[in-house]
Protein chains: 2
Amino acid sequence: MNVEQIIKTEKKIPLERRTIIHFMLVNNKINESISKALKPFDVSLQQFNVLRILRGQNEKPANLSTLNERMVTKMSNTTRLVDKLILKGFVDRIICPSNRRKVEISITTEGRNILKKIDSAMIKAEKSILENISKKELEQLNTLLNKF
Amino acid sequence: MNVEQIIKTEKKIPLERRTIIHFMLVNNKINESISKALKPFDVSLQQFNVLRILRGQNEKPANLSTLNERMVTKMSNTTRLVDKLILKGFVDRIICPSNRRKVEISITTEGRNILKKIDSAMIKAEKSILENISKKELEQLNTLLNKF
DNA sequence: CTTATACATTTGTATATACAATTGTTGTAA
DNA sequence: TTACAACAATTGTATATACAAATGTATAAG
């Protein structure tokens, strides 16, 4: 991936700016790959993220603020994100009996089933995204990302 | 930046997946920084990108498809993005005389002025994003990003 | 017990973006 | 020259997201 070539400029970009642009370009590519993998299941990246969080709770439901805390990309409207998942039948939402201000969101069997199907597509997407990166390079990348 | 801590999970995430999540987290942070830097100027990241492309043309106007080609994050509606910039008085748009299907978009003096102001805010944001990264690490990062 | 404050979520509204269909223009083959 | 395909941008529409205000509930102070 050559930055100058992709954004079609002949100018020399300072290393700092170039790195940030580079970063965004790679991120776009990653997002495209993953969105494409999710498309057949009619589930967005954010929706998938919520489903995965709920599965990770093993049976224990989560409330909205917990979901928000754990999402990779925080959203300013998790209510409506959950609305969509309810419409699709992948999650349930009930008012928390011990604190009626809160809400308890849990994944349904149907939600677990779709997640299971998505899992293999996701692993495939991840592999294809990282196909040119060795394990050593992955570790190196993680070390660098830690510095941000 | 510790991935597990940020998304608040105790589970071990496989290195591939962890790297991708890590990547997204850093990207979110970068976007936040830059958006915050742009906020006082009431210009979005994409709008800023278009302005910078137009400035890079030195005087030569660009048409829509050229803009789209050169944008870091491609959009499926550059027309309306340009509409916003016209409303703000930062760009002009005329129908291309030699080919009336095309359009010629150019940056106005006002656009150049705001860009000049944004420039220093942007350099500051870039510096703060990369404050913990040495030059050597930057180069290392670029090498790794090239592999995607 | 009443009132005020903090909390958790939802709703309203504006804006942004994606995608497909449409419009208007140009090039080209008969 | 006409008819048709290709091109470039715009428009319509649905969906996504951001942000602030509103709703309903719990907690705490007097």
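Residues numbered from 1 in each chain as written. Chains lettered and ligands numbered in written order. Predicted model: local features only at pLDDT ≥ 70, side-chain atom pairs only at ≥ 80, totals over all residues. Heavy atoms only, no water.

Draft legend 1. The arrangement of the UniProt feature "domain: HTH marR-type" (unreviewed entry) in chain A in detail. On the UniProt side, "domain: HTH marR-type" (unreviewed entry) is annotated at positions that read residues 1-148 of chain A here. For the annotated span residues 1-148 of chain A, helix accounts for 61% and strand for 7% of the residues, and the straight-line distance between the end C-alpha atoms is 22 Å. (UniProt positions renumbered as here; feature names shortened; annotations may be inferred. Helix = DSSP H or I, 4+ residues; strand = E, 2+ residues; numbered from the N terminus.)

Draft legend 2. The arrangement of the packing of aromatic side chains in detail. All names here are of chain A. According to the stated counting rule, one finds 3 aromatic pairs over all chains in the structure shown. On the numbers, 5.7 Å between centres and 50 degrees between planes, the contact of Phe23 with Phe148 is tilted. Of this pair, Phe23 sits in helix α2 (residues 15-38) while Phe148 sits in the segment after α7 (135-146); the two residues are 125 residues apart in sequence, bridging distant segments of the chain. Here Phe23 matches Phe148 in class, with each residue buried. (Phe/Tyr/Trp six-rings, centres within 6.5 Å; stacked < 30°, edge-to-face > 60°. Buried < 20%, exposed > 50% of the residue type's maximum accessible area, 1.4 Å probe, protein only.)

Draft legend 3. Representation of the relation of the copies chain A and chain B within the structure. Turning chain A through 180 degrees and shifting it by 0.0 Å along the axis lays it on chain B, with an RMSD of 0.0 Å. Both chain copies can therefore be described as sitting about a two-fold axis. A shared binding surface is used by both copies, with 100% of the interface residues of chain A retained as interface residues in chain B. (Least-squares fit on C-alpha atoms with pLDDT ≥ 70 in both. Contact = heavy atoms within 4.5 Å.)

Draft legend 4. Representation of the pattern of salt bridges in the model. Scanning the model with the defined rule gives 12 salt bridges over all chains in all. The closest approach of N and O atoms between Arg112(A) and Glu59(A), which form a salt bridge, is 3.4 Å. In this pair, Arg112(A) sits in helix α6 (residues 109-129) while Glu59(A) sits in the loop between α3 (45-56) and α4 (64-70), placing the two residues 53 residues apart along the sequence. For Arg112(A), a relative accessible area of 27% corresponds to the partly exposed category. Across the salt bridge formed by Glu4(B) and Arg18(B), the nearest N and O atoms sit 2.9 Å from each other. Note that Glu4(B) is positioned in helix α1 (residues 3-6) and Arg18(B) in helix α2 (residues 15-38), a separation of 14 residues in sequence. Accessibility assignment for this pair places Glu4(B) and Arg18(B) in one class, buried. (Salt bridge = Lys/Arg side-chain N within 4 Å of Asp/Glu carboxyl O.)

Draft legend 5. Up close: the protein's contact with DNA strand C. The local shell around DNA strand C holds 19 residues, among which Ser65(A), Thr79(A), Arg80(A), Lys84(B) and Arg101(B) are the closest. Sugar and phosphate atoms represent 67% of those atoms of DNA strand C found within 4 Å of the protein. The separation between a phosphate oxygen of DNA strand C and a polar main-chain atom of Leu64(A) is 3.0 Å. For the surface near DNA strand C, the elements supplying multiple residues, two or more each, are α4 and α5 (78-87) of chain A together with α5 (78-87) of chain B. Here the residues of the surface near DNA strand C are counted per class, giving 3 nonpolar, 7 polar and 9 charged. (Near = heavy atom within 4 Å. Polar contact = N/O pair within 3.5 Å; in protein donor to acceptor, adjacent residues only side chain to side chain. Nonpolar A, V, L, I, M, F, W, Y, C, P; charged D, E, K, R; others polar.)

Draft legend 6. How the structure looks around the interface of chain A and chain B. Taken residue by residue, the interface counts 50 residues in chain A and 50 residues in chain B. At the boundary of chain A with chain B, total buried surface from both sides reaches about 5,400 Å², with 63% on carbon and sulfur atoms. Viewed at the interface, chain B and chain A are joined by 4 salt bridges. If you look at where chain A meets chain B, you find 18 residue pairs in polar contact (both at pLDDT 80 or more). Contributing elements (two or more residues each) for the side of chain A that touches chain B: α2, α3, α4, α6 and α7 of chain A. It is α2(A) that contributes the most residues to the side of chain A that touches chain B, 18 residues altogether. (Buried area = accessible area lost by both parts, 1.4 Å probe.)

Draft legend 7. Structural view of the pairing of strand β2 (residues 103-107) of chain B. All names here are of chain B. Of the two faces of β2, the one holding Val103, Ile105 and Ile107 is buried and the one holding Glu104 and Ser106 is not buried anywhere. As paired elements, strand β1 (residues 91-95) and β2 share 5 bridges and run antiparallel to each other. Paired with Arg93 across the bridge in β2 is Ile105. (Pairing = 2+ DSSP bridges.)

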